[in-house]
Amino acid sequence: MLTKRTLLSIAAGALALTVAAPVIAQDAFPEKPVRLIVPYSPGGGTDTTARIVADNMKEYLGQPVVVENRPGASGTVGTLLAKQAEADGYTILFGIQATLALNPSLFKSATYNSKEDFSGIAVISESPYVVTVPGDSEISDYEGFAAAATENLTMANGGSAALLAARLLARQADLSFTNIPYSGSGDAISDILAGRVNAMISSPVSVLPHVESGALKPILVTSTDRYAALPDTPTADELGFDGFNVVGWYSVVAPAGVPQERLDVLSDAFNKTIANPDVQAKLESIGVTPSRRGLNSAATTEFIASEVDLWGQEIKDAGIEPK
């Protein structure tokens, strides 16, 4: 026979289980450090940006974010490693425009589909490209540049993304110039400073010291908003190319299959980190413009997909075959 004491004990136990159940079911993610794969070598711009953000994540995530550099094959090695990682949210990737939006169309070794193999977490930064001319050039503004933009005007492109940005600008603005591709901005800067090319399009970080010294003059930036480090330089949008917004970007993504609630935790922490004024100041000090849009996981995924489509089509139109 069940006594009154037994019934009370059973009732108390049932109540305890009812109260405890939500706690047991709740995902306590993260319970250990999160690994952030950076697919480039230590010390470069991508690595420096990733470390500034990662070093400030614990305050908002509750666990440290540890940077792991896995360079090789223009970022493909680290990106493939992240793709193959367990989809638990503890391994994520610092994905940039080149690795996610360009490489799959440029390199046969990039055997991943950025739209299917990764889920977005957050957009970290968005910086425009900038068109510059030598400091002693007769060109001093966009009107002069447009007037000089014939096939005789040579435009150095500091990397594959800059080359494609130049093509988009030429098409949108109905300009004509001869693109001179370079593997990176270093050689392109050497040639424009030596007067071997007439103009250059590149990330602003690579040319800011030369703009400050007067060796180069900025003509325009390829965004809808002015670039903080070049506040007097007009945007393509201001110059009449409505909605023209071609930017380089850094993002954080996870391998496909990570539970959405974990993606949301990571997204919230990354967005709070890059909204921190101290973090923003550190990023801006190295020429990186923090994203102010605060895109959540779904919006980041959508943004990256649109970039993959944009650059994939541009590469196809340019007749560039994967190598």
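Predicted model only: the values in this text are computed from it and were never measured. (Residues numbered from 1 in each chain as written. Predicted model: local features only at pLDDT ≥ 70, side-chain atom pairs only at ≥ 80, totals over all residues. Heavy atoms only, no water.)

Draft legend 1. The arrangement of the sheet that holds strand 7 (residues 178–182) in detail. Strands sit in the order 7-6-8-5-9 across an open sheet of 5 strands; the sheet is mixed. The strands lining the two open edges of the sheet, one partner per strand, are strand 7 and strand 9 (216–221). Taken pair by pair, the neighbouring strands of this sheet meet at an average axis angle of 25 degrees, ignoring direction. Judged from the 5 bridges that link them, strand 5 (residues 130–134) and strand 9 form a sheet pairing that is antiparallel. When the sheet's bridge partners are listed, Thr132 is paired in strand 9 with Pro218. (Pairing = 2+ DSSP bridges. Helix = DSSP H or I, 4+ residues; strand = E, 2+ residues; numbered from the N terminus. Axes fitted to C-alpha atoms, helices over the stretch in contact; angles between N-to-C directions.)

Draft legend 2. Seen up close, the packing of helix 5 (residues 97–106) against helix 13 (residues 297–317). Viewed as axis vectors pointing N to C, helix 5 and helix 13 meet at an angle of 40 degrees, and their least axial separation amounts to 9 Å. Between helix 5 and helix 13, the crossing angle belongs to the class labelled oblique. Once helix 5 is placed against helix 13, the crossing between them reads as right-handed. Of helix 13, the residues touching helix 5 (which contributes Gln97, Leu100, Ala101, Leu102, Ser105 and Leu106) are Ile304, Glu307, Val308, Trp311, Gly312 and Ile315. (Parallel < 35°, antiparallel > 145°, perpendicular 65-115°, else oblique. Left-handed = near helix turned anticlockwise from the far one by under 90°. Contact = heavy atoms within 4.5 Å.)

Draft legend 3. Main features of the confidence of the model for the protein. In this model, the protein carries an average pLDDT of 89, and 91% of its residues clear a pLDDT of 70 or more. Low pLDDT (under 50) marks residues 4–12, which in the prediction has 1 contact with non-local residues, meaning those over four places away or in another chain. Between residues 14–25, whose pLDDT stays under 50, and residues either more than four places distant or in other chains, the model counts 0 contacts. (pLDDT = per-residue confidence, 0-100.)

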